[in-house]
Amino acid sequence: MRLPLESVPNFSEGRDRATIDALAEALSGSADLLDVHADPDHNRSVFTLVGDEDGLVAALLAGVACARERIDLREHEGAHPRIGAADVVPVVALDPADADRARDCAALLAGRIGTELQLPVFLYAESGGGRGPAFYRRGGPDELQARIDGGEIAPDHGPARLDARAGGVIVGARRPLIAFDVDLVTDDVEAAREIAGVVRERGGGFPGVRALGLFLPRAGHAQVSMNVEDYEAAALHEIVERVEREARQRGVEVSGAELVGLMPAGAAVAAAGSRLRIDGFNPEHVLELRLLRRGSPGPRAAG
C-alpha cells in the first residue's frame, strides 16, 4: 500500500474563527484535511492534511494564499515565535521509503510559493541542510530582514524582502514529529524555561527534542512547548516524566499535556507498552497497524 504524503502547515492565527475556517476550506480543496488545532495564546493554528503530490501542492498553495490575504503580522501578537502568516509548511513522508517524494514535493511547493505568490521562501530540515525553523525565527521578522539585508541569509525562492503583511514562509521536507505541550500549575515562566532547557537536545537532554518555556496570558499559566523530532529516540512518556520531575524540584506541579495535531501510532504504542509493562511491545503487536502493513515486509508478530 502506497501511503499519501502529509503536511502540517502552521499559520499565525489562533483566535479569529472566520480566518481559521477560511484556511481549512482552502486546504480542503484538493487534499484530505484530518485535523485542525487552534491555540489562542500561541495565536497559531496547526492543520494536518494528506494527499498525493499534486493535490498537496495545490492545497498548500491555496492555504498560503489565504493566509497572505487574511493575516497581517503587523497586528499579530502571540506566545509562539513566527516569521510569516504561513509560518512553516512541512512535507512529511509517512513511509521512510517516500523521503525522495517528500523532498521533491517540498521543492516544487517552495518554488511555486516564491514565483506565484511572491513571498520569500526559506528551506529547512531535509530540504535546507538540516536547519530548523528557529534559525530563521530568531528575533522575528524585523531581525530576519536585517540578516537578509546584511547578506547573512538569502531566501531560496521569491523576493529578497519580506512581505509587509505576510512575512515569509519556511518550507521543507522532514520526518514525522510530535508537537505537544506540558502545562504547569504556575505563572512562573522562568521555571518553564529552565525545564525546557533541561529536556531539549541542545541543553544535553533528549535527542531530537526542541523545547520552549512560554507564558500563556489567556490561560494564566506557564507551559513547556515541545517538538519531538525522533519519537523512537526520545519516548514521550519518558519526556513527560522528566518534565514532572524537574517541575517538582522547583516546587511546581504539572496539570496536564496537550497534543498539537496528530501523532504516529508507534509513539502511543511505546507509551502503552511501558505503562502496561509488556516486554517487547511494538507496533507489530497492534492489529490495525499490522493490517495497514500487509503489503510491506516486516517482522512477524509473536504468538
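Notes on the structure in this doc start here. Given the structure is predicted, the values throughout are model-derived calculations rather than measurements.

Looking at unusual backbone geometry
Although it is not a glycine, Asn43 sits at a positive phi angle of roughly 50°. Among the structural elements, Asn43 can be located in the loop between strand 3 (32-39) and strand 4 (44-51). Backbone geometry at Ala125 places phi at a positive 55°, although glycine is not the residue there. Taking the relative accessible area as the measure of exposure, Ala125 reaches 15% and is therefore buried.

Here we look at the environment of Glu6
Position of Glu6 among the secondary structure elements: in strand 1 (residues 5-7). Residue classification places Glu6 among the buried positions, given a relative accessible area of 13%. Through-space distance from the C-alpha of Glu6 to that of Thr48 is 7.2 Å; in sequence the pair is 42 residues apart. Non-local contacts of Glu6, meaning those with residues more than four positions away in its chain, are made with Thr48, Leu49, Val50, Leu56, Pro90, Val91, Val92 and Leu94.

Let's talk about the side chain of Asp181
Within the fold, Asp181 resides in strand 8 (residues 178-184). In contact with Asp181, not counting residues within four places along its chain, are His42, Gln223, Val224, Ser225, Met226, Gly256, Ala257, Glu258 and Val260.

Concerning the packing of helix 7 (residues 236-249) against helix 8 (residues 265-276)
At a minimum axis distance of 8 Å, the contact between helix 7 and helix 8 shows a crossing angle of 65°. Regarding the angle of helix 7 to helix 8, the classification is roughly perpendicular. Contacts from Leu236, His237 and Glu241 in helix 7 reach Ala267, Ala270, Ala271, Ser274 and Arg275 in helix 8. When its residues are assigned to classes, the contact of helix 7 with helix 8 shows four nonpolar, two polar and two charged.

Here we look at the sheet that holds strand 11 (residues 254-260)
Taking strand neighbours across the sheet as the criterion, the four strands line up as 9-10-8-11 in an open arrangement whose pairing is antiparallel. Here the strands that pair on one side only, and so sit at the sheet edges, are strand 9 (209-216) and strand 11. Along the sheet, successive strands turn relative to each other by an average axial angle of 20°, direction set aside. Summarising the sheet, strand 8 and strand 10 (residues 221-228) pair through six bridges and their orientation is antiparallel. Within the sheet, the bridge partner assigned to Asp181 lies in strand 10 and is Ser225. Taken strand by strand, helix 7 contacts strand 8, strand 9, strand 10 and strand 11, and its axis lies near 25° from that of strand 8.

Details of the pairing of strand 7 (residues 169-174)
Summarising burial for strand 7: six of the six residues are buried, a large majority. The alternating pattern of strand 7 places Val169, Val171 and Ala173 on one face and Ile170, Gly172 and Arg174 on the opposite face, and all of these are buried. The sheet contact formed by strand 5 (residues 86-93) and strand 7 spans five bridges and is parallel. Counted as the bridge partner of Pro90 is Gly172 from strand 7.

Brief notes about the packing of helix 2 (residues 53-70) against helix 3 (residues 99-116)
Each packed pair of helices is defined by two parameters, the angle between the axes and the distance between the axes. Running from N to C, helix 2 and helix 3 point in directions that differ by 35°, and their axes come no closer than 10 Å. Here helix 2 and helix 3 pass one another in a crossing that is right-handed. Residue-level contacts link Glu53, Leu56, Val57, Leu60, Leu61 and Val64 of helix 2 to Arg101, Cys105, Leu108, Leu109, Arg112, Ile113 and Glu116 of helix 3.

Section: the pattern of salt bridges
Summed over the entire model, instances satisfying the criterion amount to 22 salt bridges. Here Arg101 ties to Asp98 by a salt bridge, and the two come within 3.1 Å at their closest N and O atoms. With respect to class, Arg101 is no different from Asp98; both count as buried. Look at the salt bridges and you will find they share partners, linking Arg2, Glu53, Asp98 and Arg101 into a network.

With respect to the packing of aromatic side chains
Using the criterion set out here, one finds three aromatic pairs in the structure. Aromatic side chains Phe11 and Phe47 sit 5.5 Å apart centroid to centroid with 80° between the ring planes, which places their arrangement in the edge-to-face category. Linking Phe11 in strand 2 (residues 10-11) with Phe47 in strand 4, this pair joins segments that are 36 residues apart in sequence. In this pair, the class of Phe11 matches that of Phe47, namely buried. Ring centres of Phe135 and Tyr136 lie 5.0 Å apart, and the angle between their planes is 85°; this geometry places the pair in the edge-to-face category. Classification of Tyr136 as buried rests on a relative accessible area of 2%. Members of the aromatic cluster, connected to one another through ring pairs, are Phe122, Phe135 and Tyr136. One cation-aromatic arrangement involves Arg147 over Phe135; the distance from NZ or CZ to the ring centre is 4.9 Å.

Re helix 3
Look at helix 3: 25 Å from first C-alpha to last across 18 residues, which is about the 26 Å you get at 1.5 Å a residue. Residues of helix 3 that are buried: Arg101, Ala102, Cys105, Ala106, Leu109, Ala110, Gly111, Ile113 and Gly114. On its buried side, helix 3 packs onto strand 1, helix 2, strand 5, strand 6 (121-123) and strand 7. Among the residues trailing helix 3, Gln118 stands out with phi positive, at a value near 55°.

About the criteria used
- Residues numbered from 1 in each chain as written.
- Predicted model: local features only at pLDDT ≥ 70, side-chain atom pairs only at ≥ 80, totals over all residues.
- Heavy atoms only, no water.
- Helix = DSSP H or I, 4+ residues; strand = E, 2+ residues; numbered from the N terminus.
- Buried < 20%, exposed > 50% of the residue type's maximum accessible area, 1.4 Å probe, protein only.
- Contact = heavy atoms within 4.5 Å.
- Axes fitted to C-alpha atoms, helices over the stretch in contact; angles between N-to-C directions.
- Parallel < 35°, antiparallel > 145°, perpendicular 65-115°, else oblique.
- Nonpolar A, V, L, I, M, F, W, Y, C, P; charged D, E, K, R; others polar.
- Pairing = 2+ DSSP bridges.
- Left-handed = near helix turned anticlockwise from the far one by under 90°.
- Salt bridge = Lys/Arg side-chain N within 4 Å of Asp/Glu carboxyl O.
- Phe/Tyr/Trp six-rings, centres within 6.5 Å; stacked < 30°, edge-to-face > 60°.
- Lys NZ or Arg CZ within 6 Å of the ring centre and 35° of its normal.
- Expected span 1.5 Å × (residues − 1).

All we've got here are geometric facts, nothing functional implied.
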